[in-house]
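Next come the chains, spelled out residue by residue.
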Amino acid sequence: MTTGFHRVPARIVSLLPGRSDVAEATRDPRRDLLAGVTVAVVALPLALGFGVSSGLGAAAGLATAVVAGALAAVFGGSSLQVSGPTGAMTVVLVPIVARYGPGGVLTVGLMAGVMLVGLAVLRAGKYMRYVPAPVVEGFTLGIACVIGLQQVPNALGVPKPEGDRVLMVTWRAFEEFAKHPNWTAVGLAVAVAAVMLIGARWRPTVPFSIVAVIAATIVARLVHLDAAKPIGDLPSGLPAPSLSFLDLGSLGSLLAPAVAVAALAALESLLSASVADGMTVGKRHDPDRELFGQGLANIAAPLFGGVPATGAIARTAVNVRTGAGSRLAALTHAVVLAVIVFAAAPLVSRIPLAALAGVLLATAVRMVEVGSLRAMAKATRSDALTLVLTAAATLVLDLVYAVIIGLVVAGALALRAVAQQVRIDRVPLETGDHSAEEHALLAEHIVAYRIDGPLFFAAAHRFLLELTEVADVRVVILRMSRVSTMDATGALVLKDAVEKLKRRGILVLASGIRPGQRQVLDSVGALEALRHAGREYADTPEAIRAARAHLESAGVLPAVAARTPRAPREEAL
């Protein structure tokens, strides 16, 4: 028999590119090449800015855009996805840099890449779709706020204060600015951000980010604005791949950050790929292959000094809007950035940090979809609460805790809503032309409850309270065919309710127990408690006959009533 380990090579082969990818890339190469060049122009200032914000420098951002962008384009599961350094990842990396240094970040990226490949092999991509929309919108809003606050030191032209808490760092930056104002840097940052935001409304297809950065760089050089600090020297090319940063002794302490980075890379990449699908007709990404491509990208990027990467929603959207039809466009974007690294490094190194801060400030503003936030806030109170808590946790704590908090809150509220759907309805046993005396006798001594919905831990205790409050009856029939799901807690509570009713002299019978429910009930001993005379009842009429037989033997019902039962006309279960 083939074991799971023997299937791993075949699974990896199934995730590799195929002939269909090549055919798609050669269908309209001119359109894809033009789209790739446009995306590269948009991506250049973002790659530089996110590299600087991460703490590893602009060169790390460029290396990530080139290496991770190329590998994810070839091996990823979306033909339109563009990958590279992103603001969300930067938010996670800043505290890692502060605690472990640049080597720790590169090690975390490598470990996260291995985890992503493992998730792809395990077919885990499909589970990412279960992240609730309010959680996604909440941490997107929180990320936008954090990205904007991270740019405050460079926008104010002051050295970045020590610390990994963005609110504290921002406050210290304002204090430093109050002591030594740098209005030149402020002017450049505000001007670049304004050009991008206004230009995007005026001509959405024009890459105003690169236009604004070039203009700011020229102005700074012409008028000799010494206060506008440049990003510094960049290497004219990618460094040789190396594992010198890897510290085997620190792998244990870096495991938790690596899990956080892998989770974020998976979530953001699959979200971005889903956005790309929604912007096109007939395009659908493969989530497992996307995880595989992002895993390879994150394994390779640290070898060249790059930071962890994910699919980038903004760059992917630009790629789709400019006409990209295949993964050739994203690959072209990486190649163009590589040419810039090799040919124009001295020019790129002169870009003022304040100009890059302006680019990221505008990016943060554009990340906030006011319409989506308003829709979530108006949907339900649960959605609004989940969104607000996730965004606040992102700002105050960090993204990983924020996502966990958002998922826990969303799950708890969803369970509460599901638990409120369970109903325990008292229903008539019989209808028709029975005598008033017989109907009164049945109403006095036998009562039936139909349980609708899930019987699990969130609803079980309310069920117990309602069921044990019955009075003035001798037999309770539980009609369980409409129980949609049951867990061990629900089964235990049901057993407890049956035992409490029996102590009061009330017999409990059950009908319509499903096979899946029988296993749960039997595991906790509840099935035995529901059996009468060593048997259980397949349907309600059979349970009624058993109830009448019990009452007749106890002298509550006359024998004639027990011998001539009338089948109920309503549904049997």
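Thresholds applied
- Residues numbered from 1 in each chain as written.
- Predicted model: local features only at pLDDT ≥ 70, side-chain atom pairs only at ≥ 80, totals over all residues.
- Heavy atoms only, no water.
- Helix = DSSP H or I, 4+ residues; strand = E, 2+ residues; numbered from the N terminus.
- Contact = heavy atoms within 4.5 Å.
- Areas by Shrake-Rupley, 256 points an atom, 1.4 Å probe, with all protein chains shown as cover.
- Buried < 20%, exposed > 50% of the residue type's maximum accessible area, 1.4 Å probe, protein only.
- Core = buried A, V, L, I, M, F, W, Y, C linked by side-chain atoms within 4.5 Å.
- Pairing = 2+ DSSP bridges.
- Expected span 1.5 Å × (residues − 1).
- Arc of directions from axis to C-beta.
- pLDDT = per-residue confidence, 0-100.

Engineer: Is there a simple way to think about the overall build of the chain in this case?
Structural biologist: Check the secondary structure of the chain and you find 26 helices and seven strands. A sequence separation of at least 24 residues applies to 83% of the contacts in the chain between residues at least 6 apart. When the accessible area of the chain is evaluated, it comes to approximately 26400 Å², of which 63% is carbon and sulfur surface.

Engineer: How should I be thinking about unusual backbone geometry in this particular structure?
Structural biologist: Apart from glycine, the bulk of residues carry a negative phi angle, and the bulk of peptide bonds sit in the trans form. One non-glycine residue, Arg123, adopts positive backbone phi at about 60°. By secondary structure assignment, the location of Arg123 is in the loop between helix H5 (87–121) and helix H6 (133–150). By relative accessible area, Arg123 is classed as partly exposed at 45%.

Engineer: Even after reading the chapter, I still don't get the nonpolar core, so can you show me in this structure?
Structural biologist: Grouped burial of nonpolar side chains is what soluble globular proteins tend to show. Judged by nonpolar contacts, the single largest core of 82 residues is most densely connected at Leu48, Val261 and Leu337. With 16 residues, the single largest contributor to this core is H5. Counting 24 residues, the second-largest nonpolar core is a separate cluster that includes Val473, Val476, Met486 and Val498.

Engineer: Please explain the pairing of strand S5 (residues 475–479) as it appears in this structure.
Structural biologist: Two faces, one strand: in a regular strand the side chains alternate between the faces of the sheet. With respect to burial, S5 is a largely interior element, five of its five residues being buried. Burial of S5 is two-sided: the residues Val475, Ile477 and Arg479 facing one way and the residues Val476 and Leu478 facing the other way are all buried. When S5 meets strand S7 (residues 507–511), the two strands line up parallel, connected through five bridges. Paired with Val475 across the bridge in S7 is Leu507.

Engineer: So what exactly am I meant to see when it comes to helix H8 (residues 166–179) here?
Structural biologist: Because the α-helix completes a turn every 3.6 residues, residues three or four places apart line up on one side. The end-to-end C-alpha distance of H8 is 20 Å, a good match for the 20 Å that 14 residues give at a rise of 1.5 Å each. Every buried residue of H8 is accounted for by Val166, Val169, Thr170, Ala173 and Phe177. Angular distribution of buried residues about the axis of H8 spans 100°; they occupy a single face of the element. Exposed residues lying more than 90 degrees from the buried face of H8 are Trp171, Ala178 and Lys179. Among the structural elements, H6, helix H7 (152–156), helix H9 (183–202) and helix H18 (381–396) are those in contact with the buried residues of H8.

Engineer: Which parts of the structure should I look at to understand the confidence of the model for the chain?
Structural biologist: The predicted structure's coordinates, where accompanied by low pLDDT, should not be read in detail. In this model, the chain carries an average pLDDT of 80, and 83% of its residues clear a pLDDT of 70 or more. For the stretch residues 561–573, pLDDT sits under 50, and the model shows 31 contacts to residues farther than four places along the chain or on other chains.

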